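In case you want the letters, here they are:
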Amino acid sequence: MAHLEIKQLSKRFGGFTALDCVDLSIAQGEFVVLLGPSGCGKTTLLRAIAGLERQDSGQIVHAGRDISHAPPAQRDYGIVFQSYALFPNLTVGDNVAYGLNSRRSGHAPGVLGARQRVVDMLALVGLPGIEEKYPTQLSGGQQQRVALARALATSPHLLLLDEPLSALDAIERVRLRSEIRQLQAKLGITTLMVTHDQEEALSMADRIVVMKNGGIQQIGTPQDIYRTPANDFVADFIGRGNLLEATLQDQSDFKFGKVSLRCDSTLPDHAVHRFYVRPEDICLHSITETPENSFTATVKKTEFMGSSYLVTLEADMGQNKPLVAQFSSNYLEGRPIQPGALLRLSIPAGHLRPMSPSL
C-alpha cells in the first residue's frame, strides 16, 4: 500500500490547467522529486498535498487517510519553503519550537520537552548551540537548515520540500543537498521535493517525476530517466543529448545520412527510426583507427566545463542539428581539439537508444 497516493488530481486557474488528472503513488520512506520547467504544475501539486491549494477534483490519500479536503493543520507533514519562511523577530530556538505547542497529538510537549526537542533538532541538522541567535545572523545555508529542523520538530510522517536549495549559492547548494539526502535516509521519512534543477533531482531522488503542462511525462529512477527518456521532452530536459533519425538497412544496421551504424536493439521495419545518444557515449579515436560504428566529424566549437569539454561537431549524418560530444579533460590533456579539426568518433551499438516515433 502506498504511503502517499494521488488519484486523478486536477486544478485550473481560470483558463490555465495547472494539474491535469495526475496520478502518483509514493512508498513509505521514499524520496521522490517533482522535476520540470516553470509552470509545469509541480509546485501546485505540492501545495495541494499540503492543503495550501484546493484541487478542483481528485483524491489525496496519506497513510490510508483521505486528506483531500482536510485543512493544512490536520495533515501530517512538515514543509520547507524556498524562502526559508523564518520569523525574523524570533530566535532560532523559538522558530524551531513554533508549532510544538499545537502538535497533532493534541497535547503540548511542555516547556522542558520543547526545549530539548529544539536542542535535538538543531544538533540533527548540524547547528548545535545557536538557539539564541536570530535568523538575520545566519547564512542562507544555516537558515535553510533551521527551516528543516523546524519542519522535522513535530515528527511528521511526510516531508515536503519546495525548491529548498534554489536561493543558495552553488557550493552551499551541493553541500546541503547531500546533507538533506543523508538526513532523509537516516530518519526514513517519506519525502517529496520540488525542483527545476536536473542535477539536484538526479543526485537526490529515489524516483523522479518529470512534469510538463500539468501532466506527468515520465516516472522512474534517475538512471532510467537519464538513460531511457520516454519522449523528446524528457530527453531534451534531462541533460544534454542528441536525437538522431535513421532508416533501417537490415535487422540491426541503420543509415544515418551517409553514416551506417549498428544498433543492439531489434526494431520493427519502420520507414524512419529515432535514436537518443548522450554526449558522453560518443567515443574519440585516432583518425587512423576504424572501430565498429565509427565515422568522421569536423569540430565546430569546444567549451571547457572544468572536468570535461563539450565539443560541437558537424557530421554527415543527415541531421538538422550539430552533434554534441563530451570528453574528459584528463583524456584530452596533451591532445587539444581545435575548431576545424577532423575527428574519428564512434557510437557503441548499445548506446544507440531507440526513441518512440515523433508525434
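Residues numbered from 1 in each chain as written. Predicted model: local features only at pLDDT ≥ 70, side-chain atom pairs only at ≥ 80, totals over all residues. Heavy atoms only, no water.

Chemist: What am I meant to see in the pattern of salt bridges here?
Modeler: For side chains of opposite charge, pairing can occur when their charged atoms come near one another. Evaluated as defined, the whole model comprises 15 salt bridges. Residues Arg207 and Glu30 are paired through a salt bridge, measuring 2.5 Å at the closest nitrogen-oxygen approach. In this pair, Arg207 sits in strand β9 (residues 207-212) while Glu30 sits in the loop between β2 (16-26) and β3 (31-35), placing the two residues 177 residues apart along the sequence. For Glu30, a relative accessible area of 12% puts it in the buried group. (Salt bridge = Lys/Arg side-chain N within 4 Å of Asp/Glu carboxyl O. Helix = DSSP H or I, 4+ residues; strand = E, 2+ residues; numbered from the N terminus. Buried < 20%, exposed > 50% of the residue type's maximum accessible area, 1.4 Å probe, protein only.)

Chemist: It is not clear to me how the packing of helix α4 (residues 140-152) against helix α5 (residues 170-187) should be interpreted in this structure. Could you clarify?
Modeler: Each pair of packed helices can be described by the angle between their axes along with the distance between the axes. Packing of α4 against α5 leaves a shortest axis separation of 11 Å and a crossing angle of 20°. Accordingly, the angle class assigned to the pair α4 and α5 is roughly parallel. As for how α4 packs across α5, the hand of that crossing is right-handed. The segment α4 lies against α5, with Gly141, Gln144, Arg145, Leu148 and Leu152 engaging Glu172, Arg175, Leu176, Glu179, Ile180, Leu183 and Leu187. In terms of residue class, the contact of α4 with α5 is built from six nonpolar, two polar and four charged. (Axes fitted to C-alpha atoms, helices over the stretch in contact; angles between N-to-C directions. Parallel < 35°, antiparallel > 145°, perpendicular 65-115°, else oblique. Left-handed = near helix turned anticlockwise from the far one by under 90°. Contact = heavy atoms within 4.5 Å. Nonpolar A, V, L, I, M, F, W, Y, C, P; charged D, E, K, R; others polar.)

Chemist: Would you explain the packing of aromatic side chains in this entry?
Modeler: Pairs of aromatic rings are described using the distance from one ring centre to the other and the angle between the two planes. In total, this model carries five aromatic pairs according to the counting rule given. Centroid distance Phe254 to Phe275: 5.0 Å. Interplanar angle 70°. Geometry classified as edge-to-face. Highlighted residues: Phe254 in strand β12 (residues 253-256) and Phe275 in strand β14 (residues 273-277), separated in sequence by 21 residues. Accessibility classification places Phe254 together with Phe275 in one group, the buried group. Each ring, one from Phe304 and one from Tyr309, has its centre 5.1 Å from the other, and the planes form 50°; the classification is tilted. Overall, the relative accessible area of 56% leaves Phe304 in the exposed class. Given the relative accessible area of 28%, Tyr309 is considered partly exposed. Chaining the aromatic ring pairs together yields one cluster made of Phe254, Phe256 and Phe275. Cation over ring: Lys11 sits above Phe13, and NZ or CZ is 5.1 Å from the ring centre. Positioned over the ring face of Tyr226 is Arg278, at 3.7 Å from the centre of the ring. (Phe/Tyr/Trp six-rings, centres within 6.5 Å; stacked < 30°, edge-to-face > 60°. Lys NZ or Arg CZ within 6 Å of the ring centre and 35° of its normal.)

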